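Here is how the chains run, residue by residue.
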Number of protein chains: 2
Amino acid sequence: MEITVTRTNSPKVKPDESSLVFGHEFTDHMFVMDYKEGQGWYDPRIVPYGPLTLDPSTMVFHYGQETFEGLKAYKAEDGTIQLFRPKDNIRRMNQSNDRLCIPAIDEDLFLEAIKAVVKIDEDWIPTSPGTSLYIRPFVIATDPFIGVKPSSTYMLMIILSPVGSYYKEGLNPTKIYVEDEYVRAVPGGTGYAKTGANYAASLKAQVEAHKKGYSQVLWLDGIERKYIEEVGTSNAFFKVDGKVHTAPLQGSILGGITRDTSIELLKSWGIEVIEEPFTIDDVMRWHQEGKLEEAFATGTAAVISPIGILGWKGNDIQINNQEIGKISQKLYDTITEIQNGKEKDTFDWIVRV
Amino acid sequence: MEITVTRTNSPKVKPDESSLVFGHEFTDHMFVMDYKEGQGWYDPRIVPYGPLTLDPSTMVFHYGQETFEGLKAYKAEDGTIQLFRPKDNIRRMNQSNDRLCIPAIDEDLFLEAIKAVVKIDEDWIPTSPGTSLYIRPFVIATDPFIGVKPSSTYMLMIILSPVGSYYKEGLNPTKIYVEDEYVRAVPGGTGYAKTGANYAASLKAQVEAHKKGYSQVLWLDGIERKYIEEVGTSNAFFKVDGKVHTAPLQGSILGGITRDTSIELLKSWGIEVIEEPFTIDDVMRWHQEGKLEEAFATGTAAVISPIGILGWKGNDIQINNQEIGKISQKLYDTITEIQNGKEKDTFDWIVRV
Ligand SMILES: Cc1ncc(COP(=O)(O)O)c(C=O)c1O
Ligand SMILES: Cc1ncc(COP(=O)(O)O)c(C=O)c1O
C-alpha cells in the first residue's frame, strides 16, 4: 500500500525548545489509516494535523476499545534522524491489539508510516539535550454503535509531539508511594497491553499519592498485594547487594522497552539481573539490612527515573541518600547517548529515518 | 442552571418499530454539558444530534477516562412517559465518576437533563411490546494532552436510541460460558464502575465464547478464579432449593439496578435472597444434587435473561431443561409491566417525565 501525502498549507509556529513540556504541542502532520471488516486496513495517508469528527455513539467513547504506543525520534549531531527500537513498539502494539480484539497492523507498513510522518515533520525534532520528538501511534474503535462487542471499524493515527523532559525536575530522585488500596491489573486482565483501561484504572491512586506529596505510585500485584509490579508508566528496578531485581513479565505489567534495554545493558556490564517475583517486604528487609543500593524506574518518557523515597504503610524509606545512583546515571547516560547518536549502537537498536 | 434548547431543522425519519435493533439509531436531539477546572460543569444544553469534533490528542482516545450509564424510558398506554429508577443510574454514574477522577455531576440537574431530552424526542419512544427508548449518558475526558493524569475538561452527553429487545431471540434461555482464562475486574480495580476499561477487558473472552457457540461469559473472580461474579453486562442469579443466590457487591462487579429490583421483588414475594460469595463448584454441585432450579441474568438491556446452559471445563450443564424458569418469567413480567405502566409501582421506582 502506498502512503499518500497531503501537506498542510498553514504550518504552525514551532514552540520554543527551552520551554517544551510533555504532550501539549503537536506537529503539522499526522498519519491516518482506516480499517473496515472485510476490507482490512486501508487508505494509509499523511494529512495536516487536525481534529476528528466522530458520532457521539462511537464505541471508543463508551467501551474503551483503544490501544496506543509511545516512542521517540532524535536528531543526531550530523542531522540523522534516529528512532529507538521502533519495531519493538510496533510488535507490542499488535500484542495490545490482540488483547483488545483490534485487527493486527502490518508491521512493515507501520514502520514505514512512522518514518514517513517523522520525515515530513523533521524540522519539529528538537535538538537541545533531553528533548526529542515523541511519537504516539494509537488505534480507536469507530463503529457508531453502543452494543458491547468489538468494533468493525477502526482508525490508526500517529501524532507527533516535540517534548522536553517528562519530569520537570529532570533526573532528580522521585518520591514514590507504595499503593496498597487500588489495583492496576491482574493476570488474565489487560495489564500487559498498552490500552486506556490500565491508565484509567490508575488515575485515582495517582491523584491520592500526589495529595500525600508523592510523584507516582508503585503498584503491587492485585492478588496477594505484595509483589512489586511497576511504577506509574514505568518499570521498577532495585539494586541489592550488587544484583538488580525487576518484576518478571507475567501478564499484569507492561513489558517496557526501556526495561528490556536496561536489562540488556546491565548484563553487558556484567551485572546480574534477576527477573523473579519479589515483594515489598523483601524491599523493606533489604533496606533494613543496608543492602538496597539503588532503585529506579524505566520508561520511554523519562528514560531513567531514580527513586529517592519509597512510602509504605506510613513510613518513608530513603534510598541511596536520595541521590542519583551510579547505575541509574550510567543507564541514563548510555541510553540517551545511543538515542542521540553520541554512543555507538552495538545492540542494533537504532533505526534511521 | 438553565438548560438551553436548540431544535433541529431537519428531523430524521423514525425507524420502523418492528425492526428495531439495539443501539444503532439515535434520535433528533442530545443533551450536552461541559466541564472546566475552576468553572465546574457549565452550559447545559439540548442541541441537534450530531458529531463531536475532537483533537487527536484528546485524552479519552488514549487513557480511557470515560464513564457511562444505561437506562430506559417507556411510554405507558395513557401516553405518560416513564423512567425506571433514573436516580439510581445518576447516583451510580457519580460513583463511577469518583473512581475515574471525573468531577461529580449535580444529581438534580442530571435528572432534569434526562427528562428534558426525552421529552423533546418523545415521539421517538416506541410503544410495541419489548421496545423502549434507551438512554445513554456518558462522560469523556477532553483535554488535548497526552500525559497520564486526570483531564481538566470533560463533556457529559446524553443520547437516546429507540430499541427493540437486546437479545434478538427474546426471553429464550441463553448458553453461557464460564470463563476461566480472562479476568474482567478485581477488588481495588474499576469493576464496580461503569467505565470503558471493564468492557474493553471483556471483549476477548466474549469473542472466544461466541466462537465456541456461547452467547456470553460468566465471570469468575480474578483472585481465586472460582467465585461467581456476573454475566456479560448483567448480574447472575441462581435459584437453589427455593432460595436465590447472587454475588455480593464487593467492588469487582457492577451493582446492577435490575439486580436490586429483582432482589426487592423476590423478597416481596417471600423468596429468600442470599448475597454471599458462592463458587462455580457450588453451582455444579447444586446441579448434580438436582437442587439448581433456575438461573438467570439481570440487566437494563434485556431485563431478565434465563440461563439455559452453562459451559464449564468442557462440559455443558443444562438448567431447568433449558426452559424459562417460573421466577425468571415472573420477574420479567413484573418488571416490564411496572416499566410500561401496566403494573402498579408500589416500590416508587417510576419517575414520570
Ligand atoms: C504502564 C507502563 N509501564 C511501563 C512503561 C515503560 O515502557 P517503555 O519503556 O516501553 O516506555 C510504560 C510506558 O511507556 C507504561 O505505560
Ligand atoms: C458489567 C455489568 N453488569 C451488570 C449490569 C446490569 O446493570 P443494570 O441492571 O443496572 O442495567 C450491566 C449493565 O447494565 C453491566 O454493564
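Computed from a predicted structure; not experimentally measured. (Residues numbered from 1 in each chain as written. Chains lettered and ligands numbered in written order. Predicted model: local features only at pLDDT ≥ 70, side-chain atom pairs only at ≥ 80, totals over all residues. Heavy atoms only, no water.)

Peer 1: Pulling in residues and values, what's your account of the interface of chain A and chain B?
Peer 2: Taken together, the contacts link 62 residues of chain A with 62 residues of chain B. When the two sides are added together, the surface that chain A and chain B hide from each other amounts to roughly 5,100 Å², 65% of it contributed by carbon and sulfur. Our enumeration of links across chain A and chain B arrives at two salt bridges. Put simply, Asp98 of chain A and Lys204 of chain B hold a salt bridge, and the shortest N to O gap is 3.3 Å. (Contact = heavy atoms within 4.5 Å. Buried area = accessible area lost by both parts, 1.4 Å probe. Salt bridge = Lys/Arg side-chain N within 4 Å of Asp/Glu carboxyl O.)

Peer 1: Go over the site of ligand 2 with me, naming the residues and quoting the values.
Peer 2: Residues and elements named next belong to chain B. In the region of ligand 2, 16 residues are neighbours, and Tyr199, Glu230, Ile257, Thr258 and Thr300 sit closest. For ligand 2, the accessible surface in isolation is 380 Å², of which the surrounding protein chains cover 96%. Looking at the shell around ligand 2, the elements that each hand over two or more residues are β13 (234–240), α5 (257–268) and β16 (292–299). The residue inventory of the shell around ligand 2, partitioned by class, reads three nonpolar, nine polar and four charged. (Near = heavy atom within 4 Å. Areas by Shrake-Rupley, 256 points an atom, 1.4 Å probe, with all protein chains shown as cover. Helix = DSSP H or I, 4+ residues; strand = E, 2+ residues; numbered from the N terminus. Nonpolar A, V, L, I, M, F, W, Y, C, P; charged D, E, K, R; others polar.)

Peer 1: Pulling in residues and values, what's your account of the relation of the copies chain A and chain B?
Peer 2: Relative to chain B, chain A is turned by 180 degrees and slid 0.0 Å along the rotation axis, the superposed coordinates differing by an RMSD of 0.0 Å. Look at the turn and shift together and you get a two-fold axis relating the two. Most of the interface of chain A is mirrored in chain B, where 100% of its interface residues are also at the interface. (Least-squares fit on C-alpha atoms with pLDDT ≥ 70 in both.)

Peer 1: I'd like a description of the site of ligand 1, backed by residues and values.
Peer 2: Residue and element names in this part refer to chain A. As a structural note, the neighbourhood of ligand 1 is formed by 16 residues, with Tyr199, Glu230, Ile257, Thr258 and Thr300 the closest of them. Tyr199 places a polar side-chain atom, nitrogen or oxygen, 2.4 Å from an oxygen atom of ligand 1. Contact distances for ligand 1 include 2.6 Å between an oxygen atom and a side-chain N or O atom of Thr258. Its free accessible area being 380 Å², ligand 1 has 96% of it covered by the protein chains. Counting residues per element, the ones that place at least two in the shell around ligand 1 are β13 (234–240), α5 (257–268) and β16 (292–299). Its residues assigned to classes, the shell around ligand 1 comprises three nonpolar, nine polar and four charged. (Polar contact = N/O pair within 3.5 Å; in protein donor to acceptor, adjacent residues only side chain to side chain.)

Peer 1: Pulling in residues and values, what's your account of the confidence of the model for chain A?
Peer 2: When pLDDT is averaged along chain A, the result is 96; 98% of the residues meet or exceed 70. Taken over the whole predicted complex, pTM reads 0.97, whereas the ipTM for its chain interfaces reads 0.97. (pLDDT = per-residue confidence, 0-100.)

Peer 1: Lay out the UniProt feature "modified residue: N6-(pyridoxal phosphate)lysine" (unreviewed entry) in chain A with the relevant residues and their values.
Peer 2: All names here are of chain A. With numbering matched to this structure, UniProt assigns "modified residue: N6-(pyridoxal phosphate)lysine" (unreviewed entry) to Lys194. Position of Lys194 among the secondary structure elements: in the loop between β10 (174–178) and α4 (196–211). Using a relative accessible area of 11% as the deciding quantity, one classes Lys194 as buried. Aside from chain neighbours lying at most four places away, what touches Lys194 is Glu66, Thr67, Phe68, Glu69, Gly70, Arg92, Ser96, Tyr199 and Leu254. (UniProt positions renumbered as here; feature names shortened; annotations may be inferred. Buried < 20%, exposed > 50% of the residue type's maximum accessible area, 1.4 Å probe, protein only.)

Peer 1: Tell me about the pattern of salt bridges, residues and numbers included.
Peer 2: Residues and elements named next belong to chain A. In the structure shown here, the tally under the stated rule is 39 salt bridges over all chains. The salt bridge involving Glu69 is made with Arg92; its shortest N-O contact spans 2.8 Å. Linking Glu69 in the loop between β5 (66–68) and β6 (71–75) with Arg92 in helix α2 (residues 86–99), this pair joins segments that are 23 residues apart in sequence. With relative accessibility at 1%, the residue Glu69 sits in the buried group.

Peer 1: Provide a residue-level description of the pairing of strand β9 (residues 153–163) of chain B, including the pertinent values.
Peer 2: Walk down a regular strand and you will see the side chains alternate between the two sheet faces. Residues and elements named next belong to chain B. Burial of β9 is extensive: eleven of the eleven residues sit out of reach of the surface. Neither face of β9 is exposed, since Thr153, Met155, Met157, Ile159, Ser161 and Val163 on one face and Tyr154, Leu156, Ile158, Leu160 and Pro162 on the opposite face are all buried. Examined bridge by bridge, strand β2 (residues 29–36) and β9 share six bridges and lie antiparallel to one another. Looking at β9, one finds that Tyr35 is bridged to Tyr154. (Pairing = 2+ DSSP bridges.)

Peer 1: Provide a residue-level description of a negative patch on the surface, including the pertinent values.
Peer 2: All names here are of chain A. A grouping of Glu2, Asp106, Glu107, Asp108 and Glu112 is seen on the molecular surface, where their side chains present a negatively charged patch. Position of Asp106 relative to the elements: it lies in the loop between α2 and α3 (107–120). The partly exposed category is assigned to Asp106, whose relative accessible area is 45%. (Patch = residues over 30% accessible without salt bridge, like charges linked within 9 Å, V, L, I, M, F, W, Y side chains within 5 Å. Lys, Arg positive; Asp, Glu negative; His and termini not counted. Charge placed at Lys NZ, Arg CZ, Asp CG, Glu CD.)

Peer 1: A description of the domain arrangement of chain A should follow, citing residues and the corresponding values.
Peer 2: All names here are of chain A. Here the domain parsing of chain A yields domain 1 (4–164) and domain 2 (174–337). Between domain 1 and domain 2, the C-alpha centre-to-centre distance is 27 Å. Listed as interface residues are 19 residues of domain 1 and, on the opposing side, 18 residues of domain 2. For the pair domain 1 and domain 2, the two sides together bury roughly 1,600 Å², of which 57% comes from carbon and sulfur. Interface area lost by domain 1 to domain 2 is led by Phe68, Arg92 and Arg99, which between them contribute 38%. The interface formed by domain 1 and domain 2 includes one salt bridge. Breaking the side of domain 1 that touches domain 2 down by element, the ones donating at least two residues are β5, β6 and α2. (Domains from an automatic or database assignment.)

Peer 1: Give me the lowdown on the pairing of strand β17 (residues 303–312) of chain A, citing residues and values where you can.
Peer 2: All names here are of chain A. Of all ten residues in β17, ten are buried; the element is thus mostly enclosed. The pairing of β10 with β17 spans four bridges and is classified as parallel. Following the sheet pairing, Lys175 is matched in β17 by Ile309. As defined by bridge partners, β16 adjoins β17 across four bridges and the pair is classed as antiparallel. Bridge pairing in β17 links Gly299 to Val303. In this structure, the hairpin formed by β16 and β17 is closed by a connection of three residues. Looking at chain direction, β17 and strand β18 (residues 315–318) are connected through four bridges and run antiparallel. Counterpart to Gly311 in the pairing with β18 is Asp316. With antiparallel pairing between neighbouring strands as the criterion, β17 and β18 make up a hairpin whose turn holds two residues, including Lys313 at a positive phi of roughly 55 degrees.

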